[in-house]
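Okay, here's what each chain looks like letter by letter:
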Amino acid sequence: MTEKYLSDEDLLYLDENYKRIKEDIAEAAVKSGRTPDEVRLMAVTKTVMPVCINHIIGLGADLIGENKVQELLEKKEFLNTEGLEIHIIGHLQSNKVRKIIGEVGMIQSVDSLSLAEEISKRAVGNGSNMKILLEVNIGSEESKTGLSYEEAMERAFEFSELPGLDVRGFMAIPPVCDTSSQVRKYFEKMNELYLDAKNKLSGKAVIDTLSLGMSSDYREAVLEGSTLVRVGSALFGKRHY
Ligand SMILES: *Cc1c(COP(=O)(O)O)cnc(C)c1O
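These remarks concern the structure in this document. (Residues numbered from 1 in each chain as written. Predicted model: local features only at pLDDT ≥ 70, side-chain atom pairs only at ≥ 80, totals over all residues. Heavy atoms only, no water.)

Considering the site of the ligand
Here is step 1: Every residue lining the ligand is accounted for by V44, K46, N67, I89, I173, M214, S215, R230, V231, G232, S233 and R239.
Here is step 2: Side-chain polar atom of K46 to an oxygen atom of the ligand: 2.7 Å apart, as the coordinates give it.
Here is step 3: Broken down by class, the residue content of the shell around the ligand amounts to five nonpolar, four polar and three charged. (Near = heavy atom within 4 Å. Polar contact = N/O pair within 3.5 Å; in protein donor to acceptor, adjacent residues only side chain to side chain. Nonpolar A, V, L, I, M, F, W, Y, C, P; charged D, E, K, R; others polar.)

Encoded structure:
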């Protein structure tokens with residue numbers, strides 16, 4: 001994880017991507033009847049070097065997402081974390097939970113009762129609350145983790161009863177789609193669940209986050225009501241694992 005200077009070309013590439021994505025989000029937000037500041041941009045930083053992440057932070061990014069606990073903890077000490085919010089967005093094993101309590105602002109990928117219970121236990125032990133999203137497997141794909149769409153509401157109720165858990169909404173990754181109208185159908189379904197939960201859980205939880213949209217479909221996601229898009233490769237370029 002050694003630091004390295006970025007070339008002028010790299011800097012320009014990052015500057016242009018960041019600017020374009022922010023503009024796209026603002027435009028789609030307005031089209032969806034909202035203001036640009038109602039949709040947050042998360043820079044997804046898996047495999048990305050701290051020097052690149054810090055450049056994006058310098059441009060105004062205030063939210064990053066990492067998939068793996070170990071990678072996050074290794075990189076975090078090199079990041080300009082002043083005012084920076086960090087979320088875990090990848091599948092999380094229960095035995096890693098204790099390492100990230102106090103290190104991240106939200107876990108977006110809560111996909112089972114046992115994981116929710118572990119987060120609850122560790123947050124309480126730390127005297128804190130953890131914000132969480134329920135991850136929904138919206139396309140019912142075998143290859144993906146996540147709760148089923150049908151059980152998501154009931155789980156949201158259940159998790160909101162656990163001490164130390166602050167349920168804020170949902171996250172989903174739709175199946176690969178050929179057309180934007182196909183992907184928008186999945187996002188629309190998620191928005192229905194989100195709006196329904198906002199009502200049904202009022203008084204129990206503040207449901208204010210719908211995390212939908214990645215590099216290939218963040219515009220569609222915002223048009224369908226996403227409040228947080230998770231963008232990696234469109235911002236930083238192709239990932240090298
Ligand atoms: C990697 C990842 C992203 C970003 O993907 P891109 O297509 O590179 O924008 C978003 N969300 C999750 C959960 C991811 O794992």
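Focus: helix α1 (residues 8-31)
Two residues of an α-helix separated by three or four positions point the same way, owing to the 3.6 residues in each turn.
Here is step 1: If you check α1, its first and last C-alpha atoms are 35 Å apart, about what 24 residues at 1.5 Å a residue would give, namely 34 Å.
Here is step 2: Listed as buried for α1 are L14, N17, Y18, I21, D24, I25, A28 and A29.
Here is step 3: Looking one or two places after α1, you find G33, whose phi comes out positive at around 85 degrees. (Helix = DSSP H or I, 4+ residues; strand = E, 2+ residues; numbered from the N terminus. Expected span 1.5 Å × (residues − 1). Buried < 20%, exposed > 50% of the residue type's maximum accessible area, 1.4 Å probe, protein only.)

Details of the pattern of salt bridges
Here is step 1: Tallied over the entire structure, the rule returns 18 salt bridges.
Here is step 2: The partner of E118 in a salt bridge is K121, with the nearest N and O atoms 3.8 Å apart. In this pair, E118 and K121 both sit in helix α5 (residues 113-125), three residues apart, roughly one turn of the helix.
Here is step 3: Several salt bridges share partner residues, and in doing so they unite R40, D62 and E85 into one network. (Salt bridge = Lys/Arg side-chain N within 4 Å of Asp/Glu carboxyl O.)

Description of the environment of G237
Here is step 1: Topologically, G237 is positioned in the segment after α9 (233-236).
Here is step 2: With 223 residues separating them in the primary sequence, G237 and L14 have C-alpha atoms 8.7 Å apart.
Here is step 3: Apart from residues lying up to four places away in sequence, G237 is in contact with Y13 and G232. (Contact = heavy atoms within 4.5 Å.)

Some details on the packing of aromatic side chains
Here is step 1: Following the criterion strictly, the structure yields zero aromatic pairs and no others.
Here is step 2: Positioned over the ring face of Y149 is K189, at 4.4 Å from the centre of the ring.
Here is step 3: The side chain of R219 reaches across the aromatic face of Y218, ending 4.6 Å from its centre. (Phe/Tyr/Trp six-rings, centres within 6.5 Å; stacked < 30°, edge-to-face > 60°. Lys NZ or Arg CZ within 6 Å of the ring centre and 35° of its normal.)

Some thoughts on α5
Here is step 1: Between its first and last C-alpha, α5 extends 18 Å over 13 residues, near the 18 Å set by a 1.5 Å rise per residue.
Here is step 2: Taken as a whole, α5 has its buried residues at L115, A116, E118, I119, S120 and A123.
Here is step 3: Buried residues in α5 make contact with α4 (97-100), β4 (106-110), β5 (130-136), α6 (149-160) and β6 (165-172).
Here is step 4: Looking one or two places after α5, you find G127, whose phi comes out positive at around 65 degrees.

Looking at the packing of α6 against helix α7 (residues 180-200)
Here is step 1: Between α6 and α7, the least distance of the axes is 11 Å, while the angle of their chain directions is 25 degrees. By the angle class used here, α6 and α7 are roughly parallel. Relative to α7, α6 is oriented so that their crossing is right-handed. On α7, the residues that touch Y149, A152, M153 and F157 of α6 are K189, M190, E192, L193, D196, A197 and K200. (Axes fitted to C-alpha atoms, helices over the stretch in contact; angles between N-to-C directions. Parallel < 35°, antiparallel > 145°, perpendicular 65-115°, else oblique. Left-handed = near helix turned anticlockwise from the far one by under 90°.)

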